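Structural characterization, general
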Amino acid sequence: MRFSDLGLQTQLLAILDELGYQAPTPIQQAAIPEVLAGRDVLAGAQTGTGKTAAFALPLIQRYLADEGTSKAIHVLVLTPTRELAQQVHQSFVAYSQGTGLRSVVAYGGASINPQIDALNKGCDVLVATPGRLLELATKGLIDLGTLQTLVLDEADRMLDMGFIIDIKRILRHLPEAHQTLFFSATFNDDVFALKNTLLIDPALIEVTERNTAAAKVEQRIYEVDSHKKAALVAYLIGANNWQQVLIFTRTKQAVDALAKELGKDGITASAVHGDKAQGARERALEAFKTGQVRALVATDVAARGLDIQQLQYVINYELPYNAEDYIHRIGRTGRAGLAGLAVSLVSHKEKYLLEDVEKLTGEHFIPQWVEGFEPNPAAQESAGNTRRKPSKKSLRANALGQTGNKGKAGKRRRR
């Protein structure tokens with residue numbers, strides 16, 4: 001199938017040809033006609049399969065068909081993280097070059113004034129994180145009364161990060177009649193519950209089996225004691241001469257500590273997490289993309305929005321408390337049909353998290369040992385005799401910085 005078979009206009013086809021797009025991916029084949037038809041959509045596909053183009057291209061075509069109307073926000077794309085907001089905005093800019101469409105990105109952690117200036121110059125598509133969008137709306141700095149389409153990109157992640165209250169507040173600023181699109185790599189019960197209240201007779205699109213990893217990503221599990229993990233990471237990178245490795249941890253403290261340890265072993269590494277200023281995060285990502293550093297250590301804030309086509313290696317230094325995040329982490333490699341390797345380091349006390357991943361993905365993993373880093377059986381026995389583990393909910397809240405006094409546990413940092 002060709003893009004021309006999907007009903008896209010000649011101007012868009014010329015842009016796609018210039019960008020080197022040859023044929024639509026399965027998610028694009030399925031979603032573009034539905035979006036063009038004005039239907040609500042609930043779409044899921046593996047990361048790196050072109051979900052952004054699946055909603056951006058038909059929405060740009062709608063802009064071309066309505067060209068000549070007054071400049072107003074017709075499309076709102078909500079994303080859970082700043083990195084993903086930037087990525088989606090850049091995609092709209094690339095796909096709409098020469099059309100006159102104005103895309104603006106707005107997120108927290110950066111000065112609001114340049115974002116307001118950009119909005120005042122005219123905005124057709126606004127890509128934003130929920131916190132900054134609410135700030136703009138409640139201050140009367142934007143008018144969402146002309147909105148035609150709302151897109152929730154990575155809807156499951158937004159709900160998992162506690163944005164449901166913000167989303168409900170945002171909905172009060174939208175016209176009652178509008179198209180709603182849900183796009184995500186994973187579906188969970190919360191997404192389906194929200195779908196039932198926000199979407200009207202949606203087209204359900206699943207181009208692959210739900211919650212599966214990309215077929216060309218090799219998944220490898222190494223069993224290792226917790227205190228040996230940093231040394232094993234350095235060994236794997238050094239012994240295999242890996243030049244570009246994305247490493248995920250659960251907490252901001254672990255990010256900083258691991259980046260420091262890798263530096264001691266002669267492996268240049270940058271750190272990215274929610275406490276880093278936006279400028280620092282952008283510099284770290286750029287250094288990683290351009291090869292100035294070999295490793296990027298990050299929390300799950302980078303799991304949605306980091307798009308490096310040639311990235312081959314992902315390491316889960318710690319498995320996530322939310323099994324769906326495993327899919328998004330390893331989805332940073334094996335993008336656009338390329339091969340990739342995802343390595344997970346699992347200590348004895350983390351085996352219950354591996355079981356959650358196996359249950360979600362329907363796969364069974366056989367852990368391997370690396371010579372010189374074999375787990376200590378005595379330590380495993382000791383770990384098995386410890387008191388009952390805290391709940392995964394409380395562990396994940398701590399990892400996301402959602403701890404505090406009673407009544408404040410539901411609060412989370414604005415994105």
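Above this text is the structure in question.
Residues numbered from 1 in each chain as written. Predicted model: local features only at pLDDT ≥ 70, side-chain atom pairs only at ≥ 80, totals over all residues. Heavy atoms only, no water.

Locating T333 in the fold gives a position in the loop between α13 (323-330) and β13 (340-346). You can call T333 buried: its relative accessible area is 1%. With near-sequence residues (within four places) excluded, T333 lies in contact with V217, L311, Q312, Y313, V314, A339, G340 and L341. (Helix = DSSP H or I, 4+ residues; strand = E, 2+ residues; numbered from the N terminus. Buried < 20%, exposed > 50% of the residue type's maximum accessible area, 1.4 Å probe, protein only. Contact = heavy atoms within 4.5 Å.)

Our next topic: the nonpolar core. With 39 residues, the main nonpolar core has V41, F55, L57, V77, F92, L181 and F183 as its most contacted residues. It is helix α3 (residues 51-65) that contributes the most residues to this core, nine residues altogether. Apart from the residues within four sequence positions on either side, V41 is in contact with E34, V35, T180, L181, F182, F183, L199, P202, A203 and I205. Core analysis: the second largest hydrophobic core is formed by 34 residues, I116, L119, L134 and I142 among them. (Core = buried A, V, L, I, M, F, W, Y, C linked by side-chain atoms within 4.5 Å.)

Let us now look at the packing of aromatic side chains. In this structure the tally under the stated criterion is six aromatic pairs. A centroid spacing of 6.3 Å and a plane angle of 45° characterise the contact between F55 and F92, whose relative ring orientation is tilted. With F55 in helix α3 and F92 in helix α4 (residues 82-95), the pair connects residues that are 37 residues apart, well separated along the chain. Measuring from centroid to centroid gives 4.5 Å for W242 and Y313, while their planes differ by 15°, and the two rings are stacked. Of this pair, W242 sits in the loop between α10 (229-239) and β9 (245-248) while Y313 sits in strand β12 (residues 313-316), and the two are 71 residues apart along the sequence. Here W242 and Y313 have matching classes, each one buried. Members of the aromatic cluster, joined through ring pairs, are F3, Y21 and Y95. Positioned above the aromatic ring of Y317, the side-chain terminus of K229 is 5.7 Å from the ring centre. (Phe/Tyr/Trp six-rings, centres within 6.5 Å; stacked < 30°, edge-to-face > 60°. Lys NZ or Arg CZ within 6 Å of the ring centre and 35° of its normal.)

So, about the packing of α4 against helix α12 (residues 278-289). Interhelical geometry of α4 versus α12 gives an angle of 65° and a closest axis separation of 11 Å. Here α4 and α12 pass one another in a crossing that is right-handed. Seen from α4, the contacting residues are R82, E83 and Q86; seen from α12, they are Q278, R281, E282 and L285. A breakdown of the residues in the contact of α4 with α12 according to their chemical character gives one nonpolar, two polar and four charged. (Axes fitted to C-alpha atoms, helices over the stretch in contact; angles between N-to-C directions. Left-handed = near helix turned anticlockwise from the far one by under 90°. Nonpolar A, V, L, I, M, F, W, Y, C, P; charged D, E, K, R; others polar.)

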